[in-house]
Amino acid sequence: MKKLFAILSIVALGFTACEGDPGPQGPPGLDGLDAEYSKVVEVETTLSYNSDSGIWESPIIEFPSNVEVLDGDAVIAYRLEYIDNGLDVWTQLPHNFFFSEGTMQYVFTHTIGDVQFLIDGNYDLSNISTDYTDNQIFRYVLIPTEFAEQFNGDFSNYNEVMSALELNETDVQTLQ
């Protein structure tokens, strides 16, 4: 009887230890620098002078409905400086201009739902050229916290940021 029990145990172990065909591959995991939720939004706006504060302000621009920004996510803004041989040249904000009257600076503010572009300075800005205020093109990049913390590049270089996020011009969402 002991011999029969031993044989049955060995046979049972043989059946439970058998392997079948491998199952389907699972979904890929995150690689730590996943930028899937990054967004780039372009807006053209004209800034208006606020005589009470002495600064120029764009309207408050709400993030598109398909964009979710969490507290702690990075928002980086750029201004189209000029076009060189068909290539856009973007300057990260804040950006200073130095004149004989003083310093003027493009800056921006944001919440988790909107962004606003401003021109501030240390002199009377009420009469600055409309070249600085009218039809200005800005881009803001929304970057998840985890990516921003691990990014070892230069945020001032718009092209490097886009490359690191694996985004290209077709990914830029333009607001009307």
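Model, not experiment: these values are computed from the prediction.

Rules used in this analysis
Residues numbered from 1 in each chain as written. Predicted model: local features only at pLDDT ≥ 70, side-chain atom pairs only at ≥ 80, totals over all residues. Heavy atoms only, no water. Helix = DSSP H or I, 4+ residues; strand = E, 2+ residues; numbered from the N terminus. Buried < 20%, exposed > 50% of the residue type's maximum accessible area, 1.4 Å probe, protein only. Areas by Shrake-Rupley, 256 points an atom, 1.4 Å probe, with all protein chains shown as cover. Polar contact = N/O pair within 3.5 Å; in protein donor to acceptor, adjacent residues only side chain to side chain. Contact = heavy atoms within 4.5 Å. Pairing = 2+ DSSP bridges. Axes fitted to C-alpha atoms, helices over the stretch in contact; angles between N-to-C directions. pLDDT = per-residue confidence, 0-100. Phe/Tyr/Trp six-rings, centres within 6.5 Å; stacked < 30°, edge-to-face > 60°.

Draft legend 1. Highlighting the overall build of the protein. Across its full length, the protein carries three helices and eleven strands. Reading the helices (α) and strands (β) of the protein from amino to carboxyl end gives α-β-β-β-β-β-β-β-β-β-β-α-α-β. Split into buried and exposed, the 176 residues of the protein put 35% on the buried side. Within the structure as shown, the protein displays about 11500 Å² of accessible surface, and the carbon and sulfur contribution to it stands at 52%.

Draft legend 2. Looking closely at the side chain of Thr-145. Positionally, Thr-145 belongs in helix α2 (residues 145-150). Judged by its relative accessible area of 18%, Thr-145 falls in the buried class. At a separation of 3.0 Å, a polar atom in the side chain of Thr-145 contacts the side chain of Asp-73. Setting aside residues up to four positions removed in sequence, Thr-145 forms contacts with Asp-71, Gly-72 and Asp-73.

Draft legend 3. How the structure looks around the sheet that holds strand β5 (residues 74-84). If you trace the five strands from one edge of the open sheet to the other, you get β6-β5-β10-β1-β11, paired in mixed fashion. This sheet does not close on itself; its edge strands, each paired only once, are β6 (87-92) and β11 (172-174). Averaged over neighbouring strand pairs, the angle between their axes works out to 35° when direction is ignored. Both β5 and strand β10 (residues 136-143) contribute to a ladder of six bridges, which runs antiparallel. Counterpart to Tyr-78 in the pairing with β10 is Arg-139.

Draft legend 4. Up close: the confidence of the model for the protein. Scored by pLDDT, the protein has a mean of 83; 80% of the residues are at 70 or more. Of the regions scoring below 50 in pLDDT, residues 29-35 engages in eight contacts with residues more than four places distant in sequence or in other chains.

Draft legend 5. View of the pairing of β10. Extensive coverage of β10 is indicated by the burial of seven of its eight residues. The pairing of strand β1 (residues 39-45) with β10 spans seven bridges and is classified as antiparallel. Looking at the pairing, Val-41 lines up with Tyr-140 of β10.

Draft legend 6. Up close: the environment of Val-115. Turning to its location among the elements, Val-115 is positioned in strand β9 (residues 114-121). Overall, Val-115 belongs to the buried group, its relative accessible area being 0%. In this structure the C-alpha to C-alpha distance between Val-115 and Glu-62, which are 53 residues apart in sequence, comes to 6.5 Å.

Draft legend 7. Structural view of the environment of Asp-124. As for its placement among the helices and strands, Asp-124 is situated in the loop between β9 and β10. Residue Asp-124 is classed as exposed on the basis of its relative accessible area of 53%. Distance in space between the C-alpha atoms of Asp-124 and Ile-55 is 8.8 Å, their sequence separation being 69 residues. One polar contact links Asp-124 to Ser-126, side chain to side chain, over a distance of 2.8 Å.

Draft legend 8. Spatial organisation of the packing of aromatic side chains. Applying the stated criterion to the full structure yields eleven aromatic pairs. Taking the centre distance of 5.9 Å and the plane angle of 70° together, the rings of Phe-97 and Tyr-106 count as edge-to-face. For the pair Phe-97 and Tyr-106, one class covers both residues: buried. Its relative accessible area of 13% is what places Phe-97 among the buried residues. Joined through ring pairs, the aromatic side chains of Phe-97, Phe-99, Tyr-106, Phe-108, Phe-117, Tyr-132 and Phe-138 make up one cluster.

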